[in-house]
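Listed below are the residues making up each chain.
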Amino acid sequence: MRALFHRTAMALLTMWLIVTIGFVCVYKLPGDPARMILGRQASEEALREFRLQAGLDRPLWRQYPRFVDRTIHLNLGDSLVYRRPVVELIRERSAATVKLVFFSLLEVITIAFIIPLLLRLTGSEIARNWLQRCSVALGIVPPYVLGVVILAILAGSLGWVSAIFEPARIRAWILPSLVLAAYPIAITMRLFENHMQCELRKLYVVRAKVMGFSHRVIVLREVLPNALTTALAAVANGLASFVTGTFFVEVIFGISGLGRLTYDAIGNKDIGLLAGLCIVFAVAITAISTTLDLAQLMIDPRLRGRHA
Amino acid sequence: MLRRLSIRELLALVWLTSLAMIAATAAWLPLADPLQINLGQILFHPTVANWAGTDELGRDVLSRVIFAARSTLVITLGATCLAILLGMVLGVAAGYWGGILDRILGFAIDLFWSVPFVIFVVLIVSIVGVSRLSLILTIGGINWVTSARVIRAESASLRGRDFIRTARAYGFGSWSIAFLHLMPNLSSTLFTLLGYGAVEVLTLETGLAFIGLSLPAPRPTWGGLLAEGLTYFSSAWWLVAFSAIAVTLTLASFQGLAQRFEKTIYRE
């Protein structure tokens, strides 16, 4: 219970820090925030009006609570280029990103957990070694390199897949989600495998063997729950790189989700939109990793004493 | 410390040193000007004259990849060193002196660990503007947490060892113990952190360049070259290939060397 409280408090503190960083970035970094948000062509009049409206002429201790209050009420201002509320844009575009992340997570779970587990049960040493080697190699290549190279080979040279992304066809999602999943798969698989190896050497496994349990029962019932919690932690830790991976994958494959929106915001120097996106991304990451942590606390009673 | 290198580690060392040397001397090598536009040879295949082909403005791809290595390596090195330096100072201070300092830093590390700063680099860099200095400061400024965490734990475990106690008994001050006796024992850890840090920084820097946050336009960066290659991926594979190979080999080399140092820590 105390650990639960501690974790939730930490998450709230993190969210506060995120909003504060967003505020500092937009309002306190060198440069005129009014000009940044309204763009270079804005007239003197519009700038003056914006300053008045956003309270830029007021002291810092008045500006900051206002920003926090507006952010909590999901008022992230308007986008310079689209001339629409940032929140609306984000809601519209998030469907594609959520879909992409969902498919990738499915792939991470099937490939990183089920394949090593099956290999453990059937027990082919050579296949396991090769899997390990592949995952090490895959873990080095960043998603943008992997995506561009795969697209150049499959769509460019071989012509196997269409270069134009069609969101309606489920097959079109396979390649992008695999590229996004590659890095987390590599990391999770390696950790999961190493942990299985460690657990299998422990005394309780020997004892179970002596008592006559079959290899399959030992792996599934005794070893798997112990190895699973660490692998879950690995997924939680890799969340930030997973999310930033969507930027690249969406840009490469032309999926119009949040990553693409970020890319366009950078290109257009649309600081209002970019700040909103950053805050939303950061809060989403914190929320998911906190949920995963809490889930771990529920599964594994050993962890409960550690934080408190 | 580096006896019996495996072939992979040797290759990593050779690749990194040759890359650094070629990048450092690029201005004097017989390379085509990376910014020289030649509209008579747009998107040429790799030939004897242009080993890696030419891009959409007729510029030599090989010399662009090499000149891109200069800025990329400088930024990677600068940001990694900054991050390690910050982490080392804070980590040794907290781990060795302990007490209230340690508790504050421990809390700060926990808090900073959970904020996804990678996202905010995008915001900060697009507001401040892209330059070598701004990239080094922002990327280095967010990556200190890992090294601070590791070094804090290491120096806390070294603090109770006999040689530190002996030094204290001989009357050395705590500054000289921390810097003369504690630090040298952290060298393997430092090299490991340097290797993994370089992997992280290079991945981030190239990724930023890929989504459009690279040094101003005509100057090549690896991420920028990859992004250019994406536009012509169906007709000109060589635009993608050479920058992809350069990035991947460099990352793999840093990773391999880091793993090597990591092993020496465990052996001690």
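One can find the structure itself at the top, above this paragraph.
For every chain, the first residue of its written sequence is number 1, and the numbers climb from 1 along that sequence. Whichever chain is written first is A, and whichever ligand is written first is 1; the rest continue in order. Whole-chain, interface and lining totals are the exception, using all residues; otherwise, since this is a predicted model, local features are given only for residues with pLDDT of at least 70 and side-chain atom pairs are given and counted only at 80 or more. To get the side-chain values, all heavy atoms of the structure are used, and hydrogens and water are removed first.

1. Remarks on the overall build of chain A
Part 1: A helix here means a DSSP run of H or I that spans at least four residues, while a strand means a run of E at least two residues long, and both kinds are numbered starting from the N terminus. Of regular secondary structure, chain A possesses 14 helices and zero strands.
Part 2: For chain A, the N- to C-terminal ordering of α and β elements is α-α-α-α-α-α-α-α-α-α-α-α-α-α.
Part 3: For chain A, the spread of C-alpha atoms along the three principal axes comes to 85 × 55 × 30 Å.
Part 4: Each residue is assigned to one of three classes by its accessible area relative to the maximum for its type, calculated with a 1.4 Å probe on protein chains only: buried under 20%, partly exposed between the two thresholds, exposed over 50%. The proportion of buried residues among the 308 residues of chain A is 47%.
Part 5: The contacts of chain A with a sequence gap of at least 6 include a subset with a gap of at least 24, amounting to 70%.
Part 6: Counting every atom, chain A has about 16100 Å² of accessible surface; 65% of that belongs to carbon and sulfur. The contact definition used throughout considers only heavy atoms, calling two residues in contact when any of these lie within 4.5 Å. To be clear on the numbers: accessible area is Shrake-Rupley with a 1.4 Å probe, and residue cover counts the displayed protein chains and nothing else.

2. What to know about the layout of surface pockets
Residues and elements named next belong to chain A.
Part 1: There is about 780 Å³ of room inside the second largest pocket.
Part 2: Here the term cavity refers to a set of points on a 1 Å grid, laid over the protein atoms alone, in which a 1.4 Å probe fits but cannot get out; the term pocket refers to an open set having protein on both sides within 12 Å along at least five of seven lines, with lining residues being those that place an atom within 4 Å of a point. Residue lining of the second largest pocket: 30 residues in total, with Val98, Val243, Ala284, Ile285 and Ile288 positioned closest to the centre.
Part 3: Among the elements of the structure, helix H4 (60-72), helix H5 (86-122), helix H10 (215-237), helix H11 (239-253) and helix H13 (271-299) are those that each provide at least two residues to the lining of the second largest pocket.
Part 4: If you tally residues by element for the lining of the second largest pocket, the top one is H5, at 11 residues.
Part 5: In this classification, Asp, Glu, Lys and Arg are treated as charged, Ala, Val, Leu, Ile, Met, Phe, Trp, Tyr, Cys and Pro as nonpolar, and every other residue, Gly included, as polar. Here the residues of the lining of the second largest pocket are counted per class, giving 26 nonpolar, three polar and one charged. Grid points are joined across faces, edges and corners, and a volume is the space filled by probe spheres set on the points.

3. As for empty space enclosed by the protein
Residues and elements named next belong to chain B.
Part 1: Going through the model one piece at a time under the given rule, you end up with two cavities of 30 Å³ or more.
Part 2: In this structure, the second largest cavity spans a volume of roughly 40 Å³.
Part 3: Surrounding the second largest cavity, Val61, Val65, Leu225, Glu228, Gly229, Leu239 and Ser243 form its lining.
Part 4: Residue assignment for the lining of the second largest cavity shows that the elements contributing at least two residues are helix H2 (61-97), helix H10 (222-231) and helix H11 (237-267).
Part 5: Among the elements that make up the lining of the second largest cavity, the one with the highest residue count is H10 (three residues).

4. Focus: the packing of helix H8 (residues 174-200) of chain A against H11(A)
Residues and elements named next belong to chain A.
Part 1: In this analysis, axes come from line fits to C-alpha atoms, helices being fitted only over the stretch in contact, and the angle between any two N-to-C directions falls in the range 0 to 180 degrees. As a packed pair, H8 and H11 sit with axes 9 Å apart at the nearest point and diverge in direction by 150°. On the basis of the axis angle, H8 is roughly antiparallel to H11. Of the two elements, H8 crosses H11, and the hand of that crossing is right-handed. Residues Leu175, Pro176, Val179, Leu180, Ala181, Tyr183 and Pro184 of H8 form the contact with H11, whose participating residues are Ser241, Phe242, Gly245, Thr246, Val249 and Phe253. Here the angle decides the label: under 35 degrees means roughly parallel, over 145 means roughly antiparallel, 65 to 115 means roughly perpendicular, and every other value means oblique. By definition, turning the near helix anticlockwise from the far helix through less than a right angle yields a left-handed crossing, and turning it clockwise yields a right-handed one.

5. Re the packing of aromatic side chains
Part 1: Pairing of aromatic side chains here covers Phe, Tyr and the six-membered ring of Trp, requires ring centres within 6.5 Å, and sorts the geometry by plane angle: under 30 degrees stacked, over 60 edge-to-face, intermediate tilted. Under the criterion given, the structure shown has 10 aromatic pairs over all chains.
Part 2: With a centroid separation of 6.1 Å and 55° between ring planes, the pair formed by A:Phe102 and A:Phe103 is classed as tilted.
Part 3: For A:Phe102, a relative accessible area of 48% corresponds to the partly exposed category.
Part 4: Note on A:Phe103: relative accessible area 19%, which makes it buried.
Part 5: Their ring planes at 15° and their centres at 5.4 Å tell us that B:Phe112 and B:Phe117 sit as a pair that is stacked.
Part 6: When its relative accessible area of 14% is taken as the criterion, B:Phe117 is described as buried.
Part 7: An aromatic cluster of at least three residues, connected via ring pairs, comprises A:Phe102, A:Phe103 and A:Trp173.
Part 8: For the cation-ring pair, A:Arg133 lies above A:Trp130, with the distance from its terminal atom to the ring centre recorded as 5.2 Å. Here, over-ring charges are defined by two tests on the NZ atom of lysine or the CZ atom of arginine: distance to the ring centre within 6 Å, and angle to the ring normal within 35 degrees.

6. Some words on the packing of H5(A) against H8(A)
All names here are of chain A.
Part 1: It is at 7 Å that the axes of H5 and H8 come closest, and there the two elements cross at 35°. Where H5 crosses over H8, the handedness of that crossing is right-handed.
Part 2: Along the lines of polarity and charge, the residues of the contact of H5 with H8 split into 19 nonpolar, four polar and three charged.

7. Concerning the interface of chain A and chain B
Part 1: Each side of the interface is counted separately: chain A has 43 residues, and chain B has 35 residues.
Part 2: What gets called buried area is simply the loss in accessible area from a 1.4 Å probe that two parts show on being joined, summed for both. Roughly 3600 Å² of surface becomes buried between chain A and chain B when both sides are summed, with 85% attributable to carbon and sulfur atoms.
Part 3: Any carboxyl oxygen of Asp or Glu within 4 Å of a side-chain nitrogen of Lys or Arg constitutes a salt bridge here. At the boundary of chain A and chain B, one finds zero salt bridges.
Part 4: Each polar contact in these results corresponds to two N or O atoms within 3.5 Å; when the atoms are within protein, one needs to be able to donate a hydrogen and the other to accept it, and residues that are neighboring in sequence are counted only if both atoms are side-chain atoms. For the pair chain A and chain B, the number of links is two residue pairs in polar contact (both at pLDDT 80 or more).
Part 5: Of all the elements in the fold, those that place two or more residues in the side of chain A that touches chain B are helix H1 (2-28), helix H7 (143-157), H11, helix H12 (258-268) and H13 of chain A.

8. A short note on H5(A)
Part 1: By definition here, a helix of n residues has an expected span of 1.5 Å times n minus one. The end-to-end C-alpha distance of H5(A), which contains 37 residues, comes to 52 Å, matching closely the 54 Å that a straight helix rising 1.5 Å per residue would cover.
Part 2: At A:Ser94, H5(A) shows its maximal kink, close to 40°. The angle between axes fitted to the seven-residue stretch ending at a residue and the seven-residue stretch beginning at it gives the bend at that residue.

9. Brief notes about the environment of A:Thr20
Residue and element names in this part refer to chain A.
Part 1: Relative to the assigned elements, Thr20 resides in helix H1.
Part 2: When the C-alpha positions of Thr20 and Ala181 are compared, they lie 31 Å apart, and in sequence the two are 161 residues distant.
Part 3: Within the local environment of Thr20, its side chain forms a polar contact with the backbone oxygen of Trp16, the two atoms lying 2.7 Å apart.

10. Some words on the environment of A:Thr286
Part 1: Position of A:Thr286 relative to the elements: it lies in helix H13.
Part 2: Residues A:Thr286 and A:Val145, 141 residues apart in the sequence, show an inter-C-alpha distance of 27 Å.
Part 3: Residues in contact with A:Thr286, not counting those within four places in the same chain, are A:Ala11, A:Thr14, A:Met15, A:Ile18, B:Ser114 and B:Pro116.

11. Quick notes on a nonpolar patch on the surface
Residues and elements named next belong to chain B.
Part 1: Excluding any residue in a salt bridge, patches collect residues exceeding 30% relative accessible area, merging like charges within 9 Å and nonpolar Val, Leu, Ile, Met, Phe, Trp and Tyr side chains within 5 Å. Among the surface-exposed residues, Trp97, Ile100, Leu101, Ile104, Trp175, Phe179 and Leu180 lie close enough to one another that they form a single nonpolar patch of about 800 Å² accessible area.
Part 2: Elements supplying a minimum of two residues to the nonpolar patch: helix H3 (99-114) and helix H8 (174-182).
Part 3: Within the element layout of this structure, Leu180 appears in helix H8.
Part 4: The exposed category is assigned to Leu180, whose relative accessible area is 55%.

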